[in-house]
Amino acid sequence: MAPRLINYKPDSIIYFKGDKSNSVFLLKQGKVNLIYNDIQTGEEIKELITDGEFFGVKSGLIKYVREETAKVLINSTVIEFSTAEFESLITKNTSIILKMLKSFSNQLRRIGKQVQQLVTDKVSSDSASDLYSIGDYYLRNKKYTQAITVYSRYISYYPNGNFVKEAKVKIEKAKEYLESYGEGGGPSPIIE
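These numbers come from a predicted model, not from an experiment.

(A) Representation of the packing of aromatic side chains. Here the structure, examined in full by the defined rule, presents 15 aromatic pairs. Aromatic pair F25 and F55: ring centres 5.4 Å apart, planes at 20°, arrangement stacked. In this pair, F25 sits in strand β3 (residues 23-29) while F55 sits in strand β6 (residues 54-55), placing the two residues 30 residues apart along the sequence. A residue is classified by how much of its surface remains accessible, and F25, at 4% relative accessible area, is buried.

Right, here's the structure in full:
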């Protein structure tokens, strides 16, 4: 199967946040906004994708749910690659790998700055409480796998910590929601 060339009209949605897919996209011509929420403020962010840029790479390659919605702004032509097609393309073209690494590096820097601001805005010297709070953040935002990982680490690092009992309950809640609704699905769990 070859990559597919798809034409989109303005206001079309290529994919929604929360979708699962193994596709990677290349914007051949046009403009697309990636719409997601800032991890610090919850504010909606729009990142413009222009001609020649790949998008949906991370979730497409690791088969993880989409973390953003891709919305078309003007008449656009997009090339959709399956994971296998995309991997074949990049193994033959190192300039594409370098371009993607640059893009990922910029994303990681942006996320790193946001995380640093979150940590420095909250004055706390209690790393155990901070770790536990990160688990709550993930659980509230329906990132069940991450919540399970963080709570488990909390229990491992602080076996006599103040929140061990609560962390165990929340691990079970996260597992229950993950099994019932899938990653990112269902209502937000109630955190007491």
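Text resumes after the structure shown.
(B) Fine view of the sheet that holds strand β4 (residues 31-37). Spatially, β2-β7-β4-β5 is the arrangement adopted by the four strands of the open sheet, whose pairing is antiparallel. The strands lining the two open edges of the sheet, one partner per strand, are β2 (13-15) and β5 (44-50). The sheet shows a mean angle of 30° between the axes of neighbouring strands, direction not considered. Of the strand pairs in this sheet, β2 and strand β7 (residues 69-72) are connected by two bridges, and their pairing is antiparallel. In the sheet register, I13 faces β7, and the bridge partner there is K71.

(C) Local environment of a nonpolar patch on the surface. A surface patch of nonpolar side chains, about 230 Å² in accessible area, is lined by L48, L73 and I74. Looking at where I74 falls in the secondary structure, it is placed in the loop between β7 and β8 (76-82). Taking the relative accessible area as the measure of exposure, I74 reaches 40% and is therefore partly exposed.

(D) Local environment of the side chain of E183. Structurally, the position occupied by E183 is in the segment after α6 (164-181). Among buried charged residues, E183 stands out as having no salt bridge; its nearest opposite-charge side chain is K143, 6.5 Å away. A polar contact of 2.7 Å, which involves the side chain of E183, links it to the backbone nitrogen of Y144. Ignoring any residue separated from it by four or fewer positions in sequence, one finds E183 in contact with Y64, V65, K142, K143, Y144, T145, Q146 and L178.

(E) Main features of the pairing of β8. Here β8 lies mainly inside the structure; six of its seven residues are buried. When strand β1 (residues 4-8) meets β8, the two strands line up antiparallel, connected through five bridges. Counted as the bridge partner of L5 is I79 from β8. The pairing of β3 with β8 spans six bridges and is antiparallel.

(F) Spotlight on the sheet that holds β8. An order of β1-β8-β3-β6 is seen for the four strands of this open sheet, with the pairing classed as antiparallel. Bordering the open sheet on either side are β1 and β6, each of which pairs with just one other strand. Relative to the sheet, helix α2 (residues 83-92) contacts β3, β6 and β8, its axis offset from that of β8 by approximately 95°.

(G) The arrangement of the environment of N22 in detail. Within the secondary structure layout, N22 lies in the loop between β2 and β3. Overall, N22 belongs to the partly exposed group, its relative accessible area being 36%. Separated by 39 residues in sequence, N22 and L61 place their C-alpha atoms 6.3 Å apart. If sequence neighbours within four positions are ignored, N22 has contacts with G60, K63, F81, S82 and T83.

(H) Spotlight on the packing of helix α5 (residues 144-157) against α6. Running from N to C, α5 and α6 point in directions that differ by 160°, and their axes come no closer than 9 Å. In terms of orientation, α5 lies roughly antiparallel with respect to α6. Classified by chirality, the crossing of α6 by α5 is left-handed. Residues Y144, T145, A147, I148, Y151, S152, Y154 and I155 of α5 pack against V164, A167, K168, K170, I171, A174, K175, Y177 and L178 of α6. Residue composition of the contact of α5 with α6, grouped by class: 12 nonpolar, two polar and three charged.

Cut-offs applied
- Residues numbered from 1 in each chain as written.
- Predicted model: local features only at pLDDT ≥ 70, side-chain atom pairs only at ≥ 80, totals over all residues.
- Heavy atoms only, no water.
- Phe/Tyr/Trp six-rings, centres within 6.5 Å; stacked < 30°, edge-to-face > 60°.
- Helix = DSSP H or I, 4+ residues; strand = E, 2+ residues; numbered from the N terminus.
- Buried < 20%, exposed > 50% of the residue type's maximum accessible area, 1.4 Å probe, protein only.
- Pairing = 2+ DSSP bridges.
- Axes fitted to C-alpha atoms, helices over the stretch in contact; angles between N-to-C directions.
- Patch = residues over 30% accessible without salt bridge, like charges linked within 9 Å, V, L, I, M, F, W, Y side chains within 5 Å.
- Areas by Shrake-Rupley, 256 points an atom, 1.4 Å probe, with all protein chains shown as cover.
- Salt bridge = Lys/Arg side-chain N within 4 Å of Asp/Glu carboxyl O.
- Lys, Arg positive; Asp, Glu negative; His and termini not counted.
- Polar contact = N/O pair within 3.5 Å; in protein donor to acceptor, adjacent residues only side chain to side chain.
- Contact = heavy atoms within 4.5 Å.
- Parallel < 35°, antiparallel > 145°, perpendicular 65-115°, else oblique.
- Left-handed = near helix turned anticlockwise from the far one by under 90°.
- Nonpolar A, V, L, I, M, F, W, Y, C, P; charged D, E, K, R; others polar.

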